[in-house]
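In case you want the letters, here they are:
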Amino acid sequence: MRASLALPFVALFGLAAWQEPTRATVELELVYLANEGFLVRAGEHSLVIDAFVTEPYGEYAAVPAALFADLLSAKPPFQDVDLALASHAHRDHFQAKPAAEFLRARAAVRFLSSPQVADELLAELGKHGAAARIEALLPEARQALAAPAEGIRVELLRLPHAGGARSAEVQNLGHLIELGGVRLLHVGDADIQTEDLAEYALAKRALDVALVPYWWLGNAAGVARARELTGARQLVAVHVPPAEVAAVRAHLATLDPAILVFERPGETRKLALER
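Presented here is a report on the structure given in the accompanying data block. (Residues numbered from 1 in each chain as written. Predicted model: local features only at pLDDT ≥ 70, side-chain atom pairs only at ≥ 80, totals over all residues. Heavy atoms only, no water.)

Per the secondary structure count, the chain includes 7 helices and 14 strands. Taken across its 275 residues, the chain has 50% of its residues classed as buried. Contacts in the chain between residues at least 24 apart in sequence constitute 66% of all its contacts with a sequence separation of at least 6. In the chain, 26 positive and 34 negative side-chain charges are present, and the distance between their average locations comes to 5 Å. (Helix = DSSP H or I, 4+ residues; strand = E, 2+ residues; numbered from the N terminus. Buried < 20%, exposed > 50% of the residue type's maximum accessible area, 1.4 Å probe, protein only. Contact = heavy atoms within 4.5 Å. Lys, Arg positive; Asp, Glu negative; His and termini not counted. Charge placed at Lys NZ, Arg CZ, Asp CG, Glu CD.)

With respect to topology, 7 strands assemble into an open sheet ordered S7-S8-S9-S10-S11-S12-S13, the strand pairing being mixed. Looking at which strands have only one partner, the edges of the open sheet turn out to be strand S7 (144-146) and strand S13 (260-261). Two elements, strand S9 (residues 173-179) and strand S10 (residues 182-186), share 5 bridges in a ladder whose sense is antiparallel. Across the sheet, the residue bridging to Glu178 is Arg183, located in S10. Where helix H6 (residues 220-230) meets the sheet, it contacts S10, strand S11 (209-213) and strand S12 (234-238), and its direction lies at approximately 120° from that of S12. (Pairing = 2+ DSSP bridges. Axes fitted to C-alpha atoms, helices over the stretch in contact; angles between N-to-C directions.)

Right, let's get into helix H7 (residues 245-255). Given 3.6 residues per helical turn, the α-helix brings residues three or four places apart onto the same face. For H7, every residue scored as buried is listed here: Val245, Val248 and Leu252. Along the axis of H7, the buried residues cluster in a sector spanning 65°; they form a single face. Counted as exposed and oriented over 90 degrees from the buried face of H7: Ala246, Ala247 and Thr254. (Arc of directions from axis to C-beta.)

Right, let's get into the nonpolar core. If you look at the biggest cluster of nonpolar residues, it comprises 32 residues, and the most contacted ones within it are Phe52, Phe102, Phe111 and Leu121. The set of elements that each furnish at least two residues to this core consists of strand S1 (25-34), helix H2 (65-73), strand S4 (81-85), helix H3 (96-105) and helix H4 (115-125). Ranked by residue count, the leading element in this core is H3, at 5 residues. (Core = buried A, V, L, I, M, F, W, Y, C linked by side-chain atoms within 4.5 Å.)

Take the layout of surface pockets next. Its boundaries defined by the atoms lining it, the largest pocket holds a volume of some 190 Å³. As for the largest pocket, its lining consists of 12 residues, of which Tyr60, His90, Asp92, His161 and Asp189 are closest to the centre. Its residues placed into classes, the lining of the largest pocket shows 4 nonpolar, 5 polar and 3 charged. Taken as a whole, the second largest pocket holds about 160 Å³ of empty space. Together, 13 residues line the second largest pocket, and Leu159, Pro160, His161, Ala168 and Val170 are the ones closest to its centre. Taken together, the residues of the lining of the second largest pocket sort by class into 5 nonpolar, 5 polar and 3 charged. (1 Å grid on protein atoms, 1.4 Å probe; cavity = no way out; pocket = protein on both sides within 12 Å on 5 of 7 lines; lining within 4 Å. Points joined across faces, edges and corners; volume = space filled by probe spheres on them. Nonpolar A, V, L, I, M, F, W, Y, C, P; charged D, E, K, R; others polar.)

The next point concerns the packing of H2 against H3. Close contact between H2 and H3 brings their axes to 8 Å; oriented N to C, the two are set at 35°. Counting all contacts with H2, which are made through Phe68, Leu71 and Leu72, the residues of H3 involved are Pro98, Glu101, Phe102 and Ala105. Counted by class, the contact of H2 with H3 contains 6 nonpolar, no polar and 1 charged residues.

Here we come to unusual backbone geometry. Pro76 connects to Pro77 through a cis peptide bond whose omega is 10°. Topologically, Pro77 is positioned in the loop between H2 and S4. A positive phi is found at Asp50, a non-glycine position, where the angle reads about 50°. Tracing the backbone shows Asp50 in the loop between strand S3 (45-49) and H2. On the basis of relative accessibility, which here comes to 1%, the residue Asp50 falls in the buried class. One non-glycine residue, Ala201, adopts positive backbone phi at about 50°. As for its placement among the helices and strands, Ala201 is situated in the loop between helix H5 (196-199) and S11. Taking relative accessible area as the criterion, Ala201 reaches 32% and is therefore assigned partly exposed.

The geometry of H3 relative to H4 is characterised by a closest axis approach of 9 Å and an angle of 65° between their N-to-C directions. Between H3 and H4, the interaxial angle falls into the category roughly perpendicular. Crossing handedness for the pair H3 and H4: right-handed. Only Glu120, Leu121, Glu124 and Leu125 of H4 make contact with H3, whose side of the interface consists of Ala96, Lys97, Ala99, Ala100, Leu103 and Arg104. (Parallel < 35°, antiparallel > 145°, perpendicular 65-115°, else oblique. Left-handed = near helix turned anticlockwise from the far one by under 90°.)

Rendered as structure tokens:
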């Protein structure tokens, strides 16, 4: 009798030992537009950032006309955009004419950026009613400024633009974005050499994804520095000139094959992130 009672206990113990614990996952969808421009979707909410670039600027790309037309007309995957963001006013990140066209076409979308960007956009819109949906915010240096929207939370980070003194007047914003259970970082053209990003202690924020300029990741030390500063589980190299995509992808594969590089506008990646 004692032996027969022991057998079920042993069987159950063995089952418990071999079963993997169930882990919840959330899906993050990234649709590449150009340079540092993306559609970001998680759960029921989505936003676009640095999306309004329809003319090439220097060596950098523009959003193709057909893809931008889909953004204007709310065709998939742009059917439910809640918020538009822009990191700074340089023309490879923001152009006022397409941004104004977007706000005229998408009557429910709020636009949030720096005063420099907002001033250009307001001048383009004139007295159009869409101007009421533009919000200009600028945190103090090394301070975050929260800007919640429906279903989305954004923290604006004041980050010096790369380039030293000649870029000191540029209002470059980093964005710490929370939506659908995902935390994503976009740094604009932030200078990795300064300590400003370290002041935000982002490594303690359990970031899922960090979109960082590819020039941050030029060698093993740069990759390590980017991981140290962001703490993100997934790095995405952005702002790669089209002519250099193949070379950058190959180089990063030798440093860290897990780093993602998008190759063409409209390319979509869906990341399953464990919780």
